[in-house]
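Single-letter residue listing:
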Amino acid sequence: MRHNLPYAAPDQVIGLLGGSFDPPHAGHQHISREALRRFGLDRVWWLVSPGNPLKARGPAPLERRVAAARALVRHPRIQITDIEARIGTRYTAETLQAMMRLYPRVRFVWLMGADNLAQFHRWDQWEWIMDNVPVGVLARPGDRLSARRSRAAAHYARWRIPGRWSQMLGHASTPAWCFVNVPMLDISSTEIRASGRWG
């Protein structure tokens, strides 16, 4: 089952940025670099998903999105993967469960934009994710208030790590999550598709 899966050394802290990346863009790259710095990560892996269960319309073919991501990213500590397609998982919780079995000595941090935190309670097994994997939330333009008032933020308020201690996130006992405000690029995959630049 390890065939063509990314390598991680024992005790490394790996940030996982999941999504359809339809298409990948500079904003994804920017929050990956910020996550490396703010959360003290050894690496960030992009999990380019076969499809988003919350979206009715499917994305561009996986191979195209992975190739575009690899062409875009030129950072030694950011790795592009199609691990969900390889291990046959569809939902984030089952992906994380499989990865924790495959990499028992690696510490994972789930990364998301503040827009995802705002609707995180709609995700399959969202409480299991919060209870078992540290979560790093990076603020995006216009999403800070709805994220801070979200059901997930309220439910897990007592386990929030202050932004000034964000470097501790990868080694914190779960549940643990941290919300950081970072300079953001106001760009989205939706806007790129709408402009016709990603046919």
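Residues numbered from 1 in each chain as written. Predicted model: local features only at pLDDT ≥ 70, side-chain atom pairs only at ≥ 80, totals over all residues. Heavy atoms only, no water.

Engineer: Which residues make up the nonpolar core, and what values go with them?
Structural biologist: One finds Tyr103 and Leu117 to be the most contacted residues of the largest nonpolar core, which totals 35 residues. Element by element, the count of residues in this core is highest for helix α4 (residues 92-102), at five residues. When sequence neighbours within four positions are dropped, the list of residues in contact with Leu117 reads Met112, Val137, Ala147, Ser150, Ala152, Ala153, Trp177 and Phe179. In this structure, Val13, Phe21, Ile80 and Val109 belong to the second largest nonpolar core, which totals 27 residues. (Core = buried A, V, L, I, M, F, W, Y, C linked by side-chain atoms within 4.5 Å. Buried < 20%, exposed > 50% of the residue type's maximum accessible area, 1.4 Å probe, protein only. Helix = DSSP H or I, 4+ residues; strand = E, 2+ residues; numbered from the N terminus. Contact = heavy atoms within 4.5 Å.)

Engineer: I'd like to hear about the packing of aromatic side chains, residue by residue, with values.
Structural biologist: With the rule as written, the count across this model stands at nine aromatic pairs. Ring centres of Phe21 and Trp46 lie 4.7 Å apart, and the angle between their planes is 10°; this geometry places the pair in the stacked category. Taken together, the residues Phe21 in the loop between β1 (13-19) and α1 (26-38) and Trp46 in strand β2 (residues 43-48) connect sequence positions 25 residues apart. Each member of the pair, Phe21 as well as Trp46, carries the same accessibility label: buried. Connected via pairs of aromatic rings, a cluster forms that spans Trp110, Phe120, Trp123, Trp126, Tyr156 and Trp159. (Phe/Tyr/Trp six-rings, centres within 6.5 Å; stacked < 30°, edge-to-face > 60°.)

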